[in-house]
Amino acid sequence: MHYIPRAIEPLVTATAAEYAVLLMAGPRQVGKSTVLAHVIEQRGCPIETVTLDDLTERQLAVQDPAMFFQVHQPPVLIDEVQYAPELFPYIKMMVDSRRKPGDFWLTGSQLFSMME
């Protein structure tokens, strides 16, 4: 598949270099995960990607978020994070303790209350 460069890439790169959490939200199938994966690849940083479209991963994230982060340690890209809002308090605790830019790359394709 041929990658189509996006104008937002420099902003994504700069944000990930400064902040521990980056959230890209938007409609389904517009390339959010593709853009983040491309930026991650360009940075040369090994980052695990987990999609919560996978029902097994989603179940773990919802039922045992602490175990989810034992299995998937930062830096990590979590795709479709809106399916497991239970992860947000754990992400906050990890960000507060680690304070490391680029730890959490998140995508979401639905509006959720934390964005208000």
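As the structure is a computational prediction, the values presented were derived from the model and not from experiment.

1. Quick look at the overall build of the protein
Consideration 1: Secondary structure assignment for the protein yields five helices and four strands.
Consideration 2: Overall, the protein shows an N-to-C arrangement of helices and strands of α-β-α-β-α-α-β-α-β.
Consideration 3: Its C-alpha radius of gyration of 14 Å places the protein within 12% of the 13 Å reference for a compact globule of 116 residues.
Consideration 4: Along the longest, intermediate and shortest principal axes, the C-alpha atoms of the protein span 35 × 30 × 30 Å.
Consideration 5: Out of the 116 residues belonging to the protein, those deemed buried represent 41%.
Consideration 6: Residue pairs in contact within the protein that sit at least 24 positions apart in sequence constitute 73% of those at least 6 positions apart.
Consideration 7: A distance of 4 Å separates the average location of the 9 positive side-chain charges in the protein from that of its 14 negative side-chain charges.

2. Observations concerning the packing of helix H1 (residues 9–18) against helix H2 (residues 32–43)
Consideration 1: Interhelical geometry of H1 versus H2 gives an angle of 65 degrees and a closest axis separation of 10 Å. Crossing of H1 against H2: the hand is right-handed. Facing H1, whose interface residues are Glu9, Val12, Thr13 and Ala16, H2 presents Val35, Leu36, His38, Val39 and Arg43.
Consideration 2: Residue composition of the contact of H1 with H2, grouped by class: five nonpolar, two polar and two charged.

3. Examining the pattern of salt bridges
Consideration 1: The full count for this structure, using the stated rule, is four salt bridges.
Consideration 2: Across the salt bridge formed by aspartate 96 and lysine 92, the nearest N and O atoms sit 2.8 Å from each other. With aspartate 96 and lysine 92 both in helix H5 (residues 87–98) and four residues apart, the pair spans about one turn of that helix.
Consideration 3: Given the relative accessible area of 51%, lysine 92 is considered exposed.
Consideration 4: For the salt bridge of aspartate 103 with arginine 98, the shortest nitrogen-to-oxygen distance reads 2.6 Å.

4. Some thoughts on the side chain of glutamate 80
Consideration 1: By the element assignment, glutamate 80 lies in the loop between strand S3 (76–79) and H5.
Consideration 2: Judged by relative accessible area, glutamate 80 falls into the buried class, the value being 5%.
Consideration 3: A distance of 2.8 Å separates polar atoms of two side chains, one belonging to glutamate 80 and the other to glutamine 82.
Consideration 4: With residues near it in sequence (within four places) discarded, glutamate 80 still touches Arg28, Leu52, Asp53, Thr107, Gly108 and Ser109.

5. Looking at the environment of valine 39
Consideration 1: Along the chain, valine 39 turns up in helix H2.
Consideration 2: We classify valine 39 as buried; its relative accessible area is 2%.
Consideration 3: Sequence-wise, valine 39 and proline 101 are 62 residues apart; in three dimensions their C-alpha atoms are separated by 14 Å.

Rules used throughout
- Residues numbered from 1 in each chain as written.
- Predicted model: local features only at pLDDT ≥ 70, side-chain atom pairs only at ≥ 80, totals over all residues.
- Heavy atoms only, no water.
- Helix = DSSP H or I, 4+ residues; strand = E, 2+ residues; numbered from the N terminus.
- Rg over C-alpha atoms; globule rule 2.2 N^0.38 Å.
- Buried < 20%, exposed > 50% of the residue type's maximum accessible area, 1.4 Å probe, protein only.
- Contact = heavy atoms within 4.5 Å.
- Lys, Arg positive; Asp, Glu negative; His and termini not counted.
- Charge placed at Lys NZ, Arg CZ, Asp CG, Glu CD.
- Axes fitted to C-alpha atoms, helices over the stretch in contact; angles between N-to-C directions.
- Left-handed = near helix turned anticlockwise from the far one by under 90°.
- Nonpolar A, V, L, I, M, F, W, Y, C, P; charged D, E, K, R; others polar.
- Salt bridge = Lys/Arg side-chain N within 4 Å of Asp/Glu carboxyl O.
- Polar contact = N/O pair within 3.5 Å; in protein donor to acceptor, adjacent residues only side chain to side chain.

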